[in-house]
Amino acid sequence: MTRYEREFGDATSRLRNMAGRGDLSGKLITTGLAAVTGLTMALGSFYVVGKTEQAVVTRNGTYLETTDAGLHGKMPFIDDVEKVVVTEVQRLELGFRTLEEGDDGAAKYETKADEATMLTGDENLVMVNWTVQYQVVDPRKWLYASPNPVGLLRDSAEAAMRQTVGDNSIDMVLTEGKSQVQEASKRTLQQIVDKYDMGVRIIGTPLQDVTPPAGDVSSAFSDVQSAKEDKEKIINEALAYANEKLPAARGLASQITEDAKGYAATRVNVVTGEANRFDKILEQYRRAPDVTRQRLYIETIEQVYPGLDKILIEGGKGVLPLLDLNKEGSQ
Amino acid sequence: MKLKTLTYMAAGAAMMAMGACSTLYTTTETQHVVVTRTGKPVRVIVSTGELGAQRIEDVKDPARRAHLARLQESYAEKGIEMVVGAGIHMKRPLVDKVTIYDGRLQRYDADPSDVVTMDKKHLVVDTYAPWRISDPLAFALTVQSEHGAQARLDDIIYSRVREQTGRSKLIELVRTTTTPLARSLEESTDPEIAGEHKREVETIRYGRDTVLEKVATASNSDVQQYGLGLEIVDVRIKRSDLPPENVKSVYDRMIAERGRISKKYRSEGEQEAQRIRAETDRQAQEIESLARKTAQETMGDADATAIRVAAEKYGQDPDFFEFWRTMQAYPTAYGDNGKGGKTKVLLDAESDFNRYLLGSNGK
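Throughout, residues of each chain are indexed from 1 in the direction in which the sequence is written. Going through the entries in the order they are written, you letter the chains from A and number the ligands from 1. In keeping with the model being predicted, local features are shown solely for residues with a pLDDT of at least 70 and side-chain atom pairs are shown and tallied solely at 80 or more, while totals for entire chains, interfaces and linings include all residues. Only hydrogens and water are set aside; all other atoms, that is, all heavy atoms of the structure, feed into the side-chain values.

J.: Help me understand the overall build of chain A in this model?
T.: Only DSSP runs of H or I reaching four residues or more are called helices, and only runs of E reaching two or more are called strands; each is numbered from the N terminus. Tallying secondary structure elements over chain A gives 10 helices and 13 strands in all. Working definition: with a 1.4 Å probe on protein chains only, accessible area under 20% of the residue-type maximum means buried, over 50% means exposed, and in between means partly exposed. Among the 331 residues that make up chain A, the fraction classed as buried is 41%. Residues count as neighbours in contact if any of their non-hydrogen atoms are within 4.5 Å of one another. Residue pairs at least 24 apart in sequence account for 63% of intrachain contacts in chain A once pairs closer than 6 positions are excluded. For accessible areas, the Shrake-Rupley method is used with a probe of radius 1.4 Å. Any residue's cover is judged against the shown protein chains and nothing else. Here chain A has roughly 17,700 Å² of accessible surface; of this, 52% comes from carbon and sulfur atoms.

Structure below.
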């Protein structure tokens, strides 16, 4: 029985009850019957398809048409209308459920451990939260493939993701292979639903959260992360040591070479200077060697003697008689 | 009286409407109908299973078309009329009983079951299998309802799953492709871990897809043998988990494996840091010693120049040089050295300089 047959049946039985009471005039019953029939006919003559929907219309069980958004007429009783969301991408949550859509983005989630836990290809366990984004492209197929298309899609999505994760190593799933896993799972799911001819297109199966199992395993995984950071830190410290030590060594090296250059310049200049001075003196000396020699000698003595404690000894006499003189001092 | 007549008329009209309704019924494109007359099947309305195909000739899929033709033949042999397609159908009131079956994909969902693999590992497998009615009459006679079908499929699929999983290794149920997994770079660089990995990897003869295909084929032949009138489209593993008692050991293994990786990172860091420090020290020493070498050479060059220049100039008159240089040295050698002490000298009054002082007036 279609909905309209049911409604019609209800209406007639209501009328019979009213008539059975016998306290209503025949006129009223006739009017009532006409009114109810009219109303049912009127209400059954049109339907509204929402702006994201399409409607599949069957007449006497046979497919008649698929209609787009808007107000449409139909034959009461014999036309049946089923509406399907088509233009909107719909979403299934797997491994988790959103409990509360936060207004400020702080949504609350609940993990479904049994749905999320999976075996990886290297026999490790991993928790995967993902969504399936799908769009119904053929509402007729969607309605006619299965009495519970969403349930079938959900089963298929679980099978597809487990198959994909089961074919990858845990490191692929957790880190660098995420996009490949998403892509492979999407492909597999599309193949499965195509086999079921569900008229649905899989837009994507994006991974939300992929984590190692909670507890000790999780901390072992985060320790790998901190070990990576430790490695970087230790190396950076060594590099800092290198960055400090090498410039210092280069500085010291410049100091040493520059000092040597300074010494060299001084040495050459001083010696050359002295030699040139001697050269000039020699030139003059050669003009009057004896006088110059005498003069140079006297000038030097003149310069040296004031700074000396002097004791004059008569020529040819010994030193002994003079030993005591030391005490009395001399000028 | 008038009121009563009207009431009867209304009631009569209602009865007639209901009677009309009970001789007419509508089926959709996805429904199968089996009509029994006093308990005996007389008519079967078969959904073509293809949208828009209302006659056998319209069915595009040749296998399906052949199947429907075979069905029609076999029904005809039993004296049962087969009708194809949706629409309004008539039945005889009271004697005809119409049973409608959903021709769409039904979902068989098994309870998770513990299987033992060929390598004696336990796995909890949760399978699902979409199926559909392929022979409504046979279905009506054997399993009778969708509920009955679930029970029969439980027996068939469960035993086939057990049989096939028992012939496969655990890894063959987990993996799909047979290529060994390329581990991430961080692990393959370490021979210790790579070695560990090699020990873990077994040869994979086939993957999950193959196992499940075998399950589906075997289950379908069972279904056919029992004449259940249905077709299993697909058998898939929705979940395959380790039994709780095995999870612990996997966790322990995962922790140990991660521990090794962590340790490897840290010791790699230490190793690299040590190398950098050692290299730095070496470079610093090289830089400093090279500078010292250059410095000595520079100074040596300068000294050589100095010696050459001095020898050149002073060599012109070595005798005068000796005199002149000695004169220069006296003030430094005997002069006030700034430390207060004065050099004591005994001077011969007859020495060159003093001879005029006490001597013979410049003779």
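J.: Looking at this model, I keep getting lost on the overall build of chain B. Mind explaining?
T.: Along the backbone of chain B there are 11 helices and 12 strands. Burial statistics for chain B: of 363 residues in total, 40% are counted as buried. If you take every contact in chain B between residues at least 6 apart in sequence, the share linking residues at least 24 apart comes to 71%. Within the structure as shown, chain B displays about 19,900 Å² of accessible surface, and the carbon and sulfur contribution to it stands at 55%.

J.: Help me understand the sheet that holds strand 2 (residues 31-37) of chain B, please; the structure alone is not making it clear to me.
T.: Residue and element names in this part refer to chain B. The pairing criterion is simple: DSSP has to find at least two bridges between the two strands. Pairing within the open sheet is mixed, and its 4 strands lie in the order 4-3-2-6. The sheet terminates laterally at strand 4 (81-84) and strand 6 (96-102), the two strands that pair on one side only. The average undirected angle you get between the axes of adjacent strands in this sheet is 20 degrees. Summarising the sheet, strand 2 and strand 6 pair through 7 bridges and their orientation is antiparallel. Lines fitted to C-alpha atoms define the axes, with helix axes restricted to the stretch in contact, and inter-axis angles between N-to-C directions lie between 0 and 180 degrees.

J.: Looking at this model, I keep getting lost on the packing of helix 8 (residues 216-287) of chain A against helix 10 (residues 318-334) of chain B. Mind explaining?
T.: For any two helices packed against each other, one specifies the crossing angle of their axes together with the interaxial distance. Interaxial distance between helix 8 of chain A and helix 10 of chain B falls to 11 Å at its minimum, and their mutual angle equals 115 degrees. In the crossing of helix 8 of chain A with helix 10 of chain B, the sense of the turn from one axis to the other is right-handed. In this structure, helix 8 of chain A uses A:Glu274, A:Arg277, A:Phe278, A:Ile281, A:Leu282 and A:Tyr285 to contact helix 10 of chain B, whose residues at the interface are B:Phe320, B:Phe321, B:Trp324 and B:Gln328. Looking at the contact of helix 8 of chain A with helix 10 of chain B residue by residue, the classes come out as 7 nonpolar, 1 polar and 2 charged. Each crossing is labelled by how the near helix is turned from the far one, with a counterclockwise turn of less than a right angle marking it left-handed and a clockwise turn marking it right-handed. Put simply, Ala, Val, Leu, Ile, Met, Phe, Trp, Tyr, Cys and Pro go in the nonpolar bin, Asp, Glu, Lys and Arg in the charged bin, and everything else, Gly too, in the polar bin.

J.: Looking at this structure, how should I read unusual backbone geometry?
T.: The general pattern is negative phi for most residues beyond glycine and trans for most peptide bonds. Residues and elements named next belong to chain B. A positive phi is found at Thr38, a non-glycine position, where the angle reads about 45 degrees. Tracing the backbone through its elements, the reader meets Thr38 in the loop between strand 2 and strand 3 (40-46). In the Ramachandran plot, Gln144 falls in the positive-phi region, its phi being about 70 degrees despite a non-glycine side chain. Tracing the sequence through the fold places Gln144 in the loop between helix 3 (136-142) and helix 4 (146-166).

J.: Explanation requested: the layout of surface pockets in the structure shown.
T.: Rolling a probe over the atoms, with the probe sized like a water molecule, indicates the empty space that remains. Residues and elements named next belong to chain B. Put simply, the largest pocket is a space of about 1,200 Å³. Using protein atoms alone on a 1 Å grid, points that fit a 1.4 Å probe yet trap it form a cavity, whereas open point sets bounded by protein on both sides within 12 Å along at least five of seven lines form a pocket; residues with an atom within 4 Å of a point count as lining. Forming the boundary of the largest pocket are 44 residues, of which Arg64, His67, Arg132, Ser134 and Glu231 lie nearest the centre. Among the elements that take part in the lining of the largest pocket, helix 2 (residues 62-77) stands out by supplying 7 residues, more than any other. Residues belonging to the lining of the largest pocket are distributed by class as follows: 18 nonpolar, 13 polar and 13 charged. Grid points are joined across faces, edges and corners, and a volume is the space filled by probe spheres set on the points.

J.: Explain the sheet that holds strand 3 (residues 62-67) of chain A here, please?
T.: Within a sheet, each strand pairs with its neighbour through backbone hydrogen bonds, oriented either parallel or antiparallel. Residue and element names in this part refer to chain A. Spatial strand order, 3-2-5: 3 strands in an open sheet with antiparallel pairing. Each edge of the sheet is formed by a strand with only one pairing partner; in this case those strands are strand 3 and strand 5 (79-85). Strand-to-strand twist in this sheet, taken as the mean axis angle between neighbours without regard to direction, amounts to 25 degrees. Of the strand pairs in this sheet, strand 2 (residues 53-59) and strand 3 are connected by 5 bridges, and their pairing is antiparallel. By the bridge assignment, Val57 is partnered in strand 3 with Glu65.

J.: It is not clear to me how the confidence of the model for chain B should be interpreted in this structure. Could you clarify?
T.: When pLDDT drops low, the exact placement of atoms in the prediction is not to be read closely. All names here are of chain B. pLDDT runs from 0 to 100 and stands for how confident the predictor is about each residue. For chain B, per-residue confidence averages 85 on the pLDDT scale, and 89% of positions sit at 70 or higher. Across chain B, the secondary-structure element scoring lowest on mean pLDDT is helix 6 (residues 185-188), at 43, and the one scoring highest is strand 10 (residues 230-232), at 94. Between residues 184-195, whose pLDDT stays under 50, and residues either more than four places distant or in other chains, the model counts 21 contacts. ipTM for the predicted complex: 0.71, alongside a pTM of 0.70.

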